[in-house]
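# Geometric and topological summary
Listed here are the chains, written in short residue letters.
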Amino acid sequence: GLTGNTGLVGATGAQGTTGSVGATGAIGATGLQGIQGNTGAVGAQGIQGIQGNTGSTGLAGPTGASGINGINGTNGATGVTGVTGPVGCATTNYIIKGNGTTATCTVAPIYETGVGDVGIGTTTPDSKFHVSGSAILTLRNSSTLSSFGDNMASLNMGDAYSGNQGRILLQRGTAGSGGDNPTDMSFWTTPDGGWNPLERMRINYNGNVGIGTTTPGYRLDLNTGTFAFGNGNVRTESRDNAGLQGNAGAQSGFFEASSPTNFPTGATSWWHLIDSRHSNNTNNFSLQISGSFFDQFLYFRKTNNNASQSWKLIAATDLPGNAGQVLQSNGSNVAPTWTGAVTPANIYSVESTSALAISSSTFTAIPGESITIPNLITGDRLMIYYAGNALMSGSDYNTIDVAVFANGSMVQIGGYVRFSLDSYNANIAWQNYSAIARYNVPSSGSYTFDVRAMRALGGNTISIGGTSLEAGEGVLIIYVLRN
């Protein structure tokens, strides 16, 4: 039949007797080392070994204190005197010089006084360093310096305050080489209130001298400021002979002469001279201007290699004068004056220079119609002729007055003329005029005569006078009659 269910497990029985030990199994792999235990106690000292070799001697120790000196013994007998050696420098204050065998006095000599002054070539130096004889002092840099601005040698001067207060400096002026040695030399001083020297003057490698500039572009380049020379530092020098040649000492410039020679005829006392000379001083070509201290006359000449070349008067007046006038001489040492063209000497004439537009009843001078006659004498009689044309603008009528004036006053005899223009009724817009006046000179002197015009009646503007190219041109002619 069917197997039945398993029954309940029974209670465990008592342990049986232990069996015999089996054979030892194989040794397993070594395990990890355990933590190190504490150090054990030091063992007892071993037996001393055999002695080694002796070491090297150590450093000497400090010297001990000296013992007490013993009693001096008696002196021995004096030895034989040795041979006398060579004589050295026996002269007082000379610096000793060795010649390879003995010490001797310097040949130059080099000499030092009892107060510290040193002389070369002299036994009487008068400063801290005194060179006499062929006195050449050389300062040479031991390096080769070829770049612009390299400092080659310097002489620095000063005192105990701040040392270097003045300086002379030699520099490479521009890039150089062994056979090309351009140099600049500069001079330095310290200004008031400062303690470092500043460059004041430079002589550059091409010979230009600069004051106030480190790059002089001229033989003398001041950059800023000015300079003085000559008498009293006013840039005027003394020179009496205007005919002096260059190789005899003449130069271009500004001069004063107290005893003038080869100046304009009659020159005495003090004169001015301006001289511009040819660059070849073996000839005598010069442009010169001169004049006395005591008047307003100027003279000029071009010497043309002739020391006594004649002088020409430069004629000048205070005013430029008017068109058509000429300068008239008034005699020696009297300024010339402008006057009308004179033909002959007693006739004066001028022409108007532009038109005058008149629109009022005030006398106004016609431009250019003015003559000044100097040196008239009391009783001189003048005949004055004046003439011209007038034009009216617009359609109207006018009355025109034209008059001649002497020193601002109208000439009373014939010095006035009146005429009319009527383009409204009579169609007369043009009109000419002329008149002759007489004038008796009341007192000696200079007189100015001019022609003036005004509009007396009517309207519109009147044009009177003009240039030689215009129909309105006017003229003023004066005849001087003298018994």
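The text that follows walks through the structure, step by step, so that each part is easy to find. (Residues numbered from 1 in each chain as written. Predicted model: local features only at pLDDT ≥ 70, side-chain atom pairs only at ≥ 80, totals over all residues. Heavy atoms only, no water.)

Using the criterion set out here, one finds seven salt bridges in the structure. Notably, a salt bridge pairs aspartate 117 with lysine 128, separated by 3.9 Å at the nearest N-O pair. Taken together, the positions of aspartate 117 in the loop between β3 (110–112) and β4 (118–120) and lysine 128 in the loop between β4 and β5 (129–131) put the pair 11 residues apart, joining distant regions of the chain. What makes aspartate 117 buried here is its relative accessible area of 15%. You can call lysine 128 exposed: its relative accessible area is 58%. Three or more residues joined by partner-sharing salt bridges are found here, namely Asp184, Glu199 and Arg202. (Salt bridge = Lys/Arg side-chain N within 4 Å of Asp/Glu carboxyl O. Helix = DSSP H or I, 4+ residues; strand = E, 2+ residues; numbered from the N terminus. Buried < 20%, exposed > 50% of the residue type's maximum accessible area, 1.4 Å probe, protein only.)

This part covers the packing of aromatic side chains. According to the stated counting rule, one finds 11 aromatic pairs in the structure shown. A ring pair is formed by tryptophan 271 and tyrosine 299, whose centres lie 5.9 Å apart and whose planes are at 40 degrees; its orientation type is tilted. Within this pair, whereas tryptophan 271 is found in strand β14 (residues 271–277), its partner tyrosine 299 is found in strand β16 (residues 298–302), the two being separated by 28 residues in sequence. Its relative accessible area of 7% is what places tryptophan 271 among the buried residues. With a relative accessible area of 21%, tyrosine 299 lands in the partly exposed category. Grouped by ring-pair contacts, the aromatic residues Phe263, Trp271, Tyr299 and Trp311 constitute a single cluster. Seen from the ring of tryptophan 188, arginine 167 lies directly overhead, with NZ or CZ sitting 5.3 Å from the centre. Positioned above the aromatic ring of phenylalanine 255 is the side chain of arginine 239, whose terminal nitrogen or guanidinium carbon lies 5.1 Å from the ring centre. (Phe/Tyr/Trp six-rings, centres within 6.5 Å; stacked < 30°, edge-to-face > 60°. Lys NZ or Arg CZ within 6 Å of the ring centre and 35° of its normal.)

Right, let's talk about the nonpolar core for a bit. In this structure, Ile373, Leu382, Ile384, Tyr386, Val402 and Phe449 are the most contacted members of the largest nonpolar core, which totals 35 residues. At five residues, the largest contribution of residues to this core is made by strand β23 (residues 381–392). Judged by nonpolar contacts, the second largest core, of eight residues, contains Ala242, Phe255, Phe263 and Ala267. (Core = buried A, V, L, I, M, F, W, Y, C linked by side-chain atoms within 4.5 Å.)

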